[in-house]
Amino acid sequence: MIYFDNSATTKVHPEVLNTFVTVNEKFWANPASIHTFGHQTNELLQSAREQIASILKTSSDKVYFTSGGTESNNLAIFGLALKYKHRGKHVLISEIEHPSIIETAKKLIDQGFEVEWIPVDTEGIILLESVKKLLRDDTVVVSVMHVNNETGAIQPIEELSKIVREQSRALLHMDAVQSFGKMPVDFKQLEVDAITISSHKIHGLKGSGLLALKKFIEIEPILYGGGQESGIRSGTTSVPLAVSTAKAMRLALEDLDEKIVNLQRLSDDLLDYLQSFPNIKVVSPAKKAPHIISFSVRKIKGEVLINALQQQGIIVSTSSACSSRQTKTSHVLKAMHISDDYIKGVLRISFSTINTRQEIEQFKKVFKRVMNVIKGD
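Residues numbered from 1 in each chain as written. Predicted model: local features only at pLDDT ≥ 70, side-chain atom pairs only at ≥ 80, totals over all residues. Heavy atoms only, no water.

**Some thoughts on the environment of Thr41**
- You can see Thr41 is positioned in helix α2 (residues 36-56).
- Not counting chain neighbours up to four residues away, the residues in contact with Thr41 comprise Phe27, Ala29, Pro31 and Val239.
- For Thr41, the side chain forms a polar contact with the main-chain oxygen of Phe37, separated by 2.9 Å. (Helix = DSSP H or I, 4+ residues; strand = E, 2+ residues; numbered from the N terminus. Contact = heavy atoms within 4.5 Å. Polar contact = N/O pair within 3.5 Å; in protein donor to acceptor, adjacent residues only side chain to side chain.)

Structural data, given as structure tokens:
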């Protein structure tokens, strides 16, 4: 099997899995317990928190472990908006955000907030001029993802941050689920206020992630209980998952420049091949992350191609895994104004660092055979 659906999830790294098992075997105490065993477990938890804070260039008390990207995004949007509502109740969200952002923002409307949507161009890049027009004195939160999960489009976060800082007091949240481990991500470089990361996108374990805040930024909790995670995320913290997430993040950054170059080579090779077909439209923009390619075959449904490729041992997906089982058209593709001839047939190929050039060559051979049988107009 050739697995090209790494934006949906990645294979767990053996070292991460070993860390998870070891911590479960040796440090199973509740880190909130006051006995010595609990204290030792808590020390391990705090060590993981400090490692992540060092990577992201923030304070360790601003790293909150969660169940993953969705919870982190919910916490960011709800928590920041509620904490700083004295500044205003106007929120800006890009049209191409993950559903965990979009649906959360819609719920803010029920609580008296006004939500407006930042449009994108035909390449799926936010329109900075629109941001300038939409920002107001009472804008409290702006949320724009770093890399789009469907197309790989890289958003101009640094330019966006400058605009937000100059024109408002709004806090800027960045969903980095698809960018961490594929490009540099930290508070110093990107000048955002909150960052979401999910472990299973970087060869970590499912059910684990985090929300990190810039120093001095505060947030309201959305879960209440025993006051764990500094009162921001109640519920017994899973030390094995937290430590495994820190391990996955450290591994993701090892030889990062080399990994990026190798991913880019795979991407460039496959893009050149796909563009040789007259009935294929590449949906991903030129400015994209190195691990995602989104394309469509004219007047062919994506599910047909996925099934045909799967029969030949190749796993790809349609757009986002979170919405691929639904029949409705992707909100991202709609925002990009993809034509009717192509919008139903978009496929996403996503690589990880364990994919090889040999797999690309095998894909080419299989895809050519499939295209000879399934002919788009």
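**Considerations on the side chain of Asp193**
- Relative to the helices and strands, Asp193 is located in the loop between α7 (187-190) and β7 (194-198).
- A polar atom in the side chain of Asp193 sits 3.3 Å from the side chain of Arg165.

**Comments concerning helix α3 (residues 69-83)**
- Its 15 residues give α3 an end-to-end C-alpha distance of 20 Å, which sits within 8% of 21 Å, the value for a rise of 1.5 Å per residue.
- Burial analysis of α3 places eleven of its 15 residues in the buried class, the great majority of the element. (Expected span 1.5 Å × (residues − 1). Buried < 20%, exposed > 50% of the residue type's maximum accessible area, 1.4 Å probe, protein only.)

**Some details on the sheet that holds strand β10 (residues 292-297)**
- Sheet architecture is open: three strands sit in the order β9-β10-β12, paired in antiparallel fashion. Whereas interior strands pair on both sides, the edge strands pair on one side only; in this sheet they are β9 (280-282) and β12 (346-350). For this sheet, the mean angle separating the axes of adjacent strands, direction not counted, is 30°.
- Packed on one face of the sheet, helix α9 (residues 256-274) meets β9, β10 and β12 and runs near 10° to β10. (Pairing = 2+ DSSP bridges. Axes fitted to C-alpha atoms, helices over the stretch in contact; angles between N-to-C directions.)

**Comments concerning helix α4 (residues 99-110)**
- Spanning twelve residues, α4 covers 17 Å between terminal C-alpha atoms, matching the ideal 16 Å at 1.5 Å per step.
- By the burial criterion, the buried members of α4 are Ser100, Ile101, Ile102, Thr104, Ala105 and Leu108.
- Those residues of α4 that are buried are in contact with α3, β3 (90-94), β4 (114-118), β5 (139-143), β6 (171-175) and α11 (331-335).

**A look at unusual backbone geometry**
- Here the phi dihedral of Asp255 falls at roughly 50°; this positive angle occurs in a residue that is not glycine.
- A relative accessible area of 56% means that Asp255 is categorised as exposed.
- Despite not being glycine, Lys299 shows a phi value in the positive range, around 60°.
- The topology assignment puts Lys299 in the loop between β10 and α10 (302-311).
- When its relative accessible area of 47% is taken as the criterion, Lys299 is described as partly exposed.

**Looking at the nonpolar core**
- If you look at the biggest cluster of nonpolar residues, it comprises 57 residues, and the most contacted ones within it are Leu56, Val142, Phe180 and Met249.
- When residues in this core are grouped by element, the largest group, nine residues, is from helix α8 (residues 239-253).
- Other than its neighbours up to four places away in sequence, Met249 contacts Ile52, Ile55, Leu56, Phe180, Ile197, Ile202 and Leu210.
- One finds Leu270, Tyr273, Ile360 and Val366 within the second-largest nonpolar core, a separate group that totals 30 residues. (Core = buried A, V, L, I, M, F, W, Y, C linked by side-chain atoms within 4.5 Å.)

**Focus: the packing of aromatic side chains**
- A full pass over the atoms with the stated rule returns eight aromatic pairs.
- Both rings, one in Phe4 and one in Phe363, keep their centres 6.1 Å apart while their planes meet at 55°; by these two values the pair is tilted. Of this pair, Phe4 sits in the loop between β1 (2-3) and α1 (14-26) while Phe363 sits in helix α13 (residues 357-373); the two residues are 359 residues apart in sequence, bridging distant segments of the chain.
- According to the relative accessible area criterion, Phe4 is buried, its value standing at 0%.
- Judged by relative accessible area, which is 0%, Phe363 ranks as buried.
- Consider the rings of Tyr273 and Phe367, whose centres lie 6.4 Å apart with planes at 70°: the pair is edge-to-face. (Phe/Tyr/Trp six-rings, centres within 6.5 Å; stacked < 30°, edge-to-face > 60°.)

**Digging into the sheet that holds β4**
- Read from one edge to the other, the open sheet built from seven strands follows the order β2-β8-β7-β6-β5-β3-β4, with strand pairing classed as mixed. Bordering the open sheet on either side are β2 (63-66) and β4, each of which pairs with just one other strand. Pairwise comparison of adjacent strand axes, ignoring direction, gives a mean angle of 20° for this sheet.
- As defined by bridge partners, β3 adjoins β4 across five bridges and the pair is classed as parallel. Among the inter-strand pairings, Leu92 is bridged to a residue of β4, identified as Glu116.

**Notes on the pairing of β7**
- Among the five residues that make up β7, five are buried, leaving the element largely enclosed by the rest of the structure.
- Of the two faces of β7, the one holding Ala194, Thr196 and Ser198 and the one holding Ile195 and Ile197 are both buried throughout.

**Some thoughts on the environment of Glu229**
- Of note, Glu229 is situated in the loop between β8 (209-213) and α8.
- Separated by 107 residues in the primary sequence, Glu229 and Met336 place their C-alpha atoms 39 Å from one another.
- In contact with Glu229, other than residues within four places in its own chain, are Leu45, Arg49, Val63, Tyr64, Phe65 and Thr237.
- A distance of 2.7 Å separates a polar atom in the side chain of Glu229 from a polar atom in the side chain of Arg49.

**As for a positive patch on the surface**
- The grouping of Lys301, Lys328, Lys334 and Lys344 at the surface amounts to a positive patch.
- Along the chain, Lys334 turns up in helix α11.
- A relative accessible area of 52% places Lys334 in the exposed class. (Patch = residues over 30% accessible without salt bridge, like charges linked within 9 Å, V, L, I, M, F, W, Y side chains within 5 Å. Areas by Shrake-Rupley, 256 points an atom, 1.4 Å probe, with all protein chains shown as cover. Salt bridge = Lys/Arg side-chain N within 4 Å of Asp/Glu carboxyl O. Lys, Arg positive; Asp, Glu negative; His and termini not counted. Charge placed at Lys NZ, Arg CZ, Asp CG, Glu CD.)

**Points about the side chain of His203**
- On the secondary structure map, His203 appears in the loop between β7 and β8.
- The exposure class of His203 is buried, given its relative accessible area of 14%.
- A distance of 2.7 Å separates the side chain of His203 from the backbone oxygen of Lys11, its partner in a polar contact.

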